[in-house]
Amino acid sequence: ELGATTAQLAIAWCLKNPHVSSVITGASRAQQVEQNMKAADIVPKLTPQVMERIEEIVGNRPEPMKDLRAGN
């Protein structure tokens with residue numbers, strides 16, 4: 001068990017994702033900011049197996065982008 005809210009898991013997934021360069025969160029209350037920042041505690045729990053399971057559940061993994069620098 002990760003012990004995270006859905007929002008924390010989503011933020012942690014973004015932090016762990018190598019294709020995401022920065023994570024911008026929003027909140028309307030100070031409590032939301034505090035809860036969002038707890039996502040950093042979840043990141044170490046997102047093992048490759050957990051990340052793969054999340055991808056399986058969500059089922060919306062994008063196709064890898066073509067490397068335009070390769071000259072193909």
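Computed from a predicted model, the values in this text were never measured in an experiment. (Residues numbered from 1 in each chain as written. Predicted model: local features only at pLDDT ≥ 70, side-chain atom pairs only at ≥ 80, totals over all residues. Heavy atoms only, no water.)

**Examining the packing of helix H1 (residues 6-16) against helix H3 (residues 48-58)**
Close contact between H1 and H3 brings their axes to 12 Å; oriented N to C, the two are set at 115 degrees. You can see that H1 and H3 cross each other, and the crossing is left-handed. Across the interface between the two elements, Leu9, Trp13 and Lys16 of H1 pack against Met51, Ile54 and Glu55 of H3. Its residues placed into classes, the contact of H1 with H3 shows four nonpolar, no polar and two charged. (Axes fitted to C-alpha atoms, helices over the stretch in contact; angles between N-to-C directions. Helix = DSSP H or I, 4+ residues; strand = E, 2+ residues; numbered from the N terminus. Left-handed = near helix turned anticlockwise from the far one by under 90°. Contact = heavy atoms within 4.5 Å. Nonpolar A, V, L, I, M, F, W, Y, C, P; charged D, E, K, R; others polar.)

**Comments concerning H3**
Looking only at H3, the buried set comprises Met51, Ile54 and Glu55. Along the long axis of H3, the arc covered by the buried residues comes to 100 degrees, so they all point the same way. Of the exposed residues in H3, the ones pointing more than 90 degrees away from its buried face are Gln49 and Ile57. At its buried positions, H3 is contacted by H1. At the C-terminal side of H3, Gly59 shows a positive phi close to 65 degrees. (Buried < 20%, exposed > 50% of the residue type's maximum accessible area, 1.4 Å probe, protein only. Arc of directions from axis to C-beta.)

**Topic: the nonpolar core**
Judged by nonpolar contacts, Ile11, Ala12, Ala39, Ile42, Val43, Leu46, Met51 and Ile54 together constitute the single largest core of eight residues. For this core, the secondary-structure elements that each account for two or more residues are H1 and H3. Among residues more than four places away in sequence, those in contact with Ala39 are Gln8, Ile11 and Ala12. (Core = buried A, V, L, I, M, F, W, Y, C linked by side-chain atoms within 4.5 Å.)

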